Amino acid sequence: DRSIKIAPSILSADFANFGAEIRAIEAQGADWVHVDVMDGHFVPNLTFGPPAVKAFRPHVKTFMDVHLMIAPVDPYIEAYAEAGADMITAHVEAGPHIHRTLQAIKAQGVKAGVVLNPGTPAEAVADVLDLCDMVLIMTVNPGFGGQKFIHSGVEKTRKMRQMIGDRPIHIQIDGGITPETAPLVAEAGADVLVAGSAVFKGGSVDTPEVYGANMRAI
Ligand code: DX5
Ligand code: ZN
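Residues numbered from 1 in each chain as written. Chains lettered and ligands numbered in written order. Predicted model: local features only at pLDDT ≥ 70, side-chain atom pairs only at ≥ 80, totals over all residues.

Draft legend 1. Representation of the sheet that holds strand E6 (residues 134-138). The parallel open sheet is built from eight strands, whose spatial order is E1-E8-E7-E6-E5-E4-E3-E2. A single partner strand is all that each edge strand has here, and the edge strands are strand E1 (5-8) and strand E2 (33-38). Across the sheet, the mean angle separating the axes of adjacent strands is 25° when strand polarity is ignored. Sheet topology places E2 next to strand E3 (residues 64-69); six bridges connect them, and they run parallel. Within E3, the residue paired with Val-37 across the bridge is Leu-68. (Pairing = 2+ DSSP bridges. Helix = DSSP H or I, 4+ residues; strand = E, 2+ residues; numbered from the N terminus. Axes fitted to C-alpha atoms, helices over the stretch in contact; angles between N-to-C directions.)

Draft legend 2. How the structure looks around the environment of Phe-56. Residue placement: Phe-56 occurs in helix H2 (residues 50-56). Sequence spacing of Phe-56 and Leu-116 is 60 residues, and the spatial spacing of their C-alpha atoms is 26 Å. In this structure Phe-56 touches Phe-18, Ile-22, Val-35 and Met-64, once residues within four positions along its chain are discounted. (Contact = placed C-beta atoms within 7 Å.)

Draft legend 3. Fine view of the nonpolar core. In terms of nonpolar packing, the biggest core is built from 66 residues, with Val-66, Ala-85, Ile-88 and Leu-193 touching the most fellow members. Those residues in contact with Val-66, other than ones at most four positions away along the chain, are Val-35, Val-37, Val-53, Tyr-80, Ala-85, Met-87 and Ile-88. (Core = buried A, V, L, I, M, F, W, Y, C linked by C-beta atoms within 7 Å. Buried ≥ 20, exposed ≤ 12 C-beta atoms within 10 Å, placed from the backbone.)

Draft legend 4. Highlighting the UniProt feature "binding site: a divalent metal cation" (unreviewed entry) in the protein. Here, UniProt's "binding site: a divalent metal cation" (unreviewed entry) annotation points to His-34, Asp-36, His-67 and Asp-174. Taking the farthest pair of C-alpha atoms as the criterion, the annotated set spanning 141 residues converges on one region, since that pair is 10.4 Å apart. Along the chain, the position of His-34 falls in strand E2. By the C-beta count within 10 Å, which is 27 here, His-34 ends up buried. Residues contacting His-34, with those up to four places away along its chain left out, are Ala-7, Pro-8, Ser-9, Asp-65, His-67 and Val-194. Note on placement: Asp-174 falls in strand E7 (residues 170-174). Contacts of Asp-174, omitting those with residues within four sequence positions, involve His-67, Leu-136, Met-138, Thr-139 and Val-194. (UniProt positions renumbered as here; feature names shortened; annotations may be inferred.)

Structure below.
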């Protein structure tokens, strides 16, 4: 369904070839580029600091969505905005002051998103929706690519679309998206799908057409 945006997660790309990987997925039709930032504290894995994100920036022609899985978040917002994020998303579980965090993201002049882990109910973000350009619903516990889709995210998506009503707020889904799970969340009201392993599997920068076929299958 082409009204659904695909945001490949470069967590599943070749870490020695990010520039070429980003150009390849965009040439093959990626709508956004999703960057997973992990701190080894909020989630049990480590990935990209602001200098890495800054190095990705010139290769991204579409839209760079930076998913911060870090705690605390606030001390790093300015650095990721300056590194070139078009949107910064922060977890409601990452600290006691998500409202302040979203205000701080907006103050940098970038789009703001709030993220819910699988164990967090939709209602947890009801009072900050007006500060958000997007709600990201996790359908795996964050930290790693290639995990199995958690189905409770489908009903959470349906509830979130109802809560959002006619406000112009994206619903993004992240984790375990495949050709089998994508239609479930799209039908429930999601409009941006992150996919890591399902996009990059079987391909490389030398066979980018595999990425294209993988994205079209979603
Ligand atoms: C998980 C990350 C995801 C992950 C998705 O912590 O936020 O973006 O890379 O990978 P797949 O699509 O393989 O589940
Ligand atoms: Zn992510």
